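Structural overview
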Number of protein chains: 2
Amino acid sequence: MAVNSPLPVASELKPVNGIDIGFAEAGIKKPNRKDVLLMKLAEGATVAGVFTKNRFCAAPVQVSKANLEAVSNGGKPIRALVVNTGNANAATGEQGLQSARTTCEEVARLLGIDAQQVLPFSTGVILEQLPVQKIVAALPAAVSNLKQDNWFNAAEAIMTTDTQPKAASLTTTIGGHTVTMTGISKGAGMIKPNMATMLGYLAFDAKVAQPVMNELVRYAADRSFNCITIDGDTSTNDSFILVATGAGTLSIDSTDSPDYIALRDAVTGISTHLAQQIIRDGEGATKFITISVEQGRDMEECRKIGYAIAHSPLVKTAFFASDPNLGRILAAIGYAGIDDLDTTKLDLYLDDVLVAKAGGRNPDYKEEDGQRVMKKAEILVRVELGRGDANSTVWTCDLSHDYVSINADYRS
Amino acid sequence: MAVNSPLPVASELKPVNGIDIGFAEAGIKKPNRKDVLLMKLAEGATVAGVFTKNRFCAAPVQVSKANLEAVSNGGKPIRALVVNTGNANAATGEQGLQSARTTCEEVARLLGIDAQQVLPFSTGVILEQLPVQKIVAALPAAVSNLKQDNWFNAAEAIMTTDTQPKAASLTTTIGGHTVTMTGISKGAGMIKPNMATMLGYLAFDAKVAQPVMNELVRYAADRSFNCITIDGDTSTNDSFILVATGAGTLSIDSTDSPDYIALRDAVTGISTHLAQQIIRDGEGATKFITISVEQGRDMEECRKIGYAIAHSPLVKTAFFASDPNLGRILAAIGYAGIDDLDTTKLDLYLDDVLVAKAGGRNPDYKEEDGQRVMKKAEILVRVELGRGDANSTVWTCDLSHDYVSINADYRS
């Protein structure tokens, strides 16, 4: 179903020293389905994360943020992550917070650590209380099957309406040290159609100081998970978590080291791959669209324009229809909120086809050239603003009948 | 097709003294279709307008703005409006501007006025040159059928993919003077699916000074046409024009007069009605949704939240499905960009049903109550922010399969 996105192969997902993975079937929403994921981290691991900016951010997001902050303030390190699907535990008030804490306490009891050393995550329907006792009951099973070589199961355990699991893995050499990194993601999925919650977890076996991790997770997120959109709906539960298990030989204490740059670029690369898998498996997606906005004054204005194009229902339906109705892209650029945009300096390309030149139709543009590109499953929209050196890329998908069907189905 | 929006009755659309209306079939995109509208204004008429903020604003919008500005700077008054459908004349560069000017020159020649006294408007496909000679050839026919009692034809002449004409009319008494006002609008329509261009024209027979008109058009637009959204796509051609023909006995020179307040409220009322007709006839619309955001710090933050809800594809598909998946509304509120929003002070109502209380699910809320409201064709979403006295209303429709079908059809 996903656009040019082959199924991950379990044997190609490399175990990462210092992180054990377990899973369970708690029956949170449906029986006989992996819906609890447990990740146990080695002593010495460092963890950093970025979270949704939604003001209705879910209870587990609030707890995870607080527990990570405690570490930065000298608290004990994070030693476990626990994820459930089937319920987002969002807009659930004090009871929801207590449920998230209870989950952490139970993980802590089973692993012999403190509850503050556990980060909880949830995804699924919102405005409903978490059935925390089902999770508590299932956790011993997850503990009992903890092992390093469990990444494919982990990718499956966080799926909701994703049509396939999403994972990536690589081994690289940095400063003479071998580093193994493996990650999973989910998105565009709902157990009962609800919201396109995005979750991403990426672990590698280097030893990285906490301040470096905090910098690294932002850098990678800004160039990967923060560059994708399916429908513009920011979930209450979005989270991207980076784990340095410390179990390998590479050690990084400062963002000034060349090893940091190499690690940063590897992490960004694999994060981008994980993020793009979410778009390729977007609800109802039939096309994968890359929007590159170039020659802007700053990255922020390029991103604004990229998102205006990516969120336009008119642009998205035109891609679905393979209809080179490209004035819609210009209109989206025009309302992106760049008040001093000089449209007479703007060029628009579809792959290699120059559609609009100096803000008007390119005299040499032929509809059949636009049509040829629009029929492809992967399309590059390139906007040259002619006002600076900044650029930004956004990845998105089209808007199809299946998107409406998936999200208009009753949550039964 | 439109949601609770009966067809206007031609005989109920009152002629307005001081404005004559003509139309023609220019065959711009399709033959045998009214696609040119001409409105001739009496001497002494004043005109004001608000226009799209899209940076790719169409050539006729640029000319109309310049011609209106010339009046405010002491130029001759506006004496005619000319509208074509079938082509938006947007992203058409210098040639497009020349085409808009040629249209004005021809109207001016036929009516014996200056080209600067004509406001041109276009709606239709963008990125294609206006077939201006077809318009020029059709204008004499429009001149020859100019008459006051032609408002229904006017409403038909500006339709694109609108399923029905949109018009409203009323007679009221202000300060002892009878005032007649009649208006038309179009929207959510495309000759070949392109953009939801909105056009609105409202005329009344009072005499109103230009500075008062400039104030009045903004006031009314901010409470009517600027409160609607179908898909969040701001057109390159949106325009709302107010005409005071000066042919009646009421005369207003200052915004301080009680007569101004009465006129303002009447104009705002009928503008709202015209704007709502656009939503009721929105592409694929099956429901009419009123989103009232109350108790905000200022109108701007209320509007931000209203639009976040109104633009969310997830909220819109839930309305289409009559699915009380109301966490989606909270999520949209959460990402609306109010950084200091305290969700624990927020209540959410669906009609009279209290769904969320203090940011969490209302313990007394029952799904069947939400279901009952969601099945209706007209739904009120009411958000109480608990942080101030400001409020704002946005009107929108649902997102249905028909929306995708209409906009994914190839422009043949």
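Residues numbered from 1 in each chain as written. Chains lettered and ligands numbered in written order. Predicted model: local features only at pLDDT ≥ 70, side-chain atom pairs only at ≥ 80, totals over all residues. Heavy atoms only, no water.

1. A look at the overall build of chain A
Each helix and strand in chain A was counted, giving eleven helices and 18 strands. Its C-alpha atoms give chain A a radius of gyration of 22 Å, near enough to 22 Å, the size a compact globule of 412 residues would have. If you line up chain A on its principal axes, its C-alpha atoms span 70 × 55 × 40 Å. Here chain A, with 412 residues, has 64% of them falling under the buried criterion. Total accessible area on chain A is roughly 14,100 Å²; 48% of this is exposed by carbon and sulfur atoms. Taking the average location of the 39 positive side-chain charges in chain A and that of its 47 negative ones, the two points are 3 Å from each other. (Helix = DSSP H or I, 4+ residues; strand = E, 2+ residues; numbered from the N terminus. Rg over C-alpha atoms; globule rule 2.2 N^0.38 Å. Buried < 20%, exposed > 50% of the residue type's maximum accessible area, 1.4 Å probe, protein only. Areas by Shrake-Rupley, 256 points an atom, 1.4 Å probe, with all protein chains shown as cover. Lys, Arg positive; Asp, Glu negative; His and termini not counted. Charge placed at Lys NZ, Arg CZ, Asp CG, Glu CD.)

2. Remarks on the interface of chain B and chain A
Facing the 59 residues of chain B at the interface are 59 residues of chain A. For the pairing of chain B and chain A, the buried interface totals around 4,700 Å² over both sides, and the portion due to carbon and sulfur atoms is 58%. For the interface between chain B and chain A, the tally reads zero salt bridges. Linking chain B to chain A there are five residue pairs in polar contact (both at pLDDT 80 or more). (Contact = heavy atoms within 4.5 Å. Buried area = accessible area lost by both parts, 1.4 Å probe. Salt bridge = Lys/Arg side-chain N within 4 Å of Asp/Glu carboxyl O. Polar contact = N/O pair within 3.5 Å; in protein donor to acceptor, adjacent residues only side chain to side chain.)

3. Structural notes on the relation of the copies chain B and chain A
Overlay of chain B on chain A (RMSD 0.1 Å): rotation 180°, translation along the axis 0.0 Å. On this basis, the relationship between the two copies can be described by a two-fold rotation axis. Minimal C-alpha separation from the rotation axis in chain B is found for His401 of chain B, amounting to 3.0 Å. An overlap of 100% is found between the interface residues of chain B and their copies at the interface of chain A, pointing to a shared contact surface. (Least-squares fit on C-alpha atoms with pLDDT ≥ 70 in both.)

4. A look at the UniProt feature "binding site: substrate" (unreviewed entry) in chain A
All names here are of chain A. As recorded in UniProt, the feature "binding site: substrate" (unreviewed entry) lies at Thr160, Lys186, Thr197, Glu283, Asn407 and Ser412. Along the chain, Lys186 turns up in strand β7 (residues 177–189). Residue Lys186 is classed as buried on the basis of its relative accessible area, which comes to 0%. Here the side chain of Lys186 touches Thr123 through a polar contact of 3.1 Å, side chain to side chain. Looking at the element boundaries, Asn407 is found in helix α11 (residues 401–408). Judged by relative accessible area, which is 0%, Asn407 ranks as buried. (UniProt positions renumbered as here; feature names shortened; annotations may be inferred.)

5. A word on the environment of Met39 of chain A
Residues and elements named next belong to chain A. You can see Met39 is positioned in strand β2 (residues 36–41). As for Met39 and Val118, which are separated by 79 residues in sequence, their C-alpha atoms are 9.6 Å apart. Residues within four places of Met39 in sequence aside, it is in contact with Ile19, Asp20, Ile21, Arg79, Ala80, Leu81 and Tyr201.

6. Concerning the environment of Thr85 of chain A
Residue and element names in this part refer to chain A. Here Thr85 shows up in strand β4 (residues 80–85). The class for Thr85 is buried, based on a relative accessible area of 0%. Thr85 sits 182 residues away from Val267 along the chain, and the two C-alpha atoms are 26 Å apart.

7. Some remarks on the pairing of strand β15 (residues 353–357) of chain A
All names here are of chain A. Among the five residues of β15, four are classified as buried, and the element is accordingly described as predominantly covered. With three bridges connecting them, strand β14 (residues 347–350) and β15 associate as antiparallel partners. Its bridge partner being in β15, Tyr349 is matched across the sheet by Leu354. Between β14 and β15, which pair antiparallel and follow one another directly, the connecting turn spans two residues, one of which, Asp351, has a positive phi of 50°. Direction of pairing for β15 relative to strand β16 (residues 360–361): antiparallel, over a ladder of two bridges. Across the sheet, the residue bridging to Lys357 is Gly360, located in β16. (Pairing = 2+ DSSP bridges.)

8. Concerning the pattern of salt bridges
Residues and elements named next belong to chain A. In this structure the tally under the stated criterion is 30 salt bridges over all chains. Here Asp114 and Lys76 are joined by a salt bridge, their closest N and O atoms 2.9 Å apart. With Asp114 in the loop between α2 (93–111) and β5 (118–123) and Lys76 in the loop between α1 (59–72) and β4, this pair connects stretches of sequence that are 38 residues apart. We note a salt bridge from Glu94 to Arg101, for which the minimum N-O separation is 3.9 Å. Judged by relative accessible area, Glu94 falls into the exposed class, the value being 55%.

9. Notes on the domain arrangement of chain A
Residue and element names in this part refer to chain A. Here chain A is partitioned into domain 1 (10–280) and domain 2 (288–408). Computed from C-alpha atoms alone, the centre-to-centre distance between domain 1 and domain 2 is 33 Å. Counting from both sides, the interface comprises 16 residues of domain 1 and, opposite them, 16 residues of domain 2. Interface of domain 1 and domain 2: buried area, both sides summed, is about 1,400 Å²; carbon and sulfur atoms make up 56% of it. Taken together, the connections running from domain 1 to domain 2 amount to one salt bridge. (Domains from an automatic or database assignment.)

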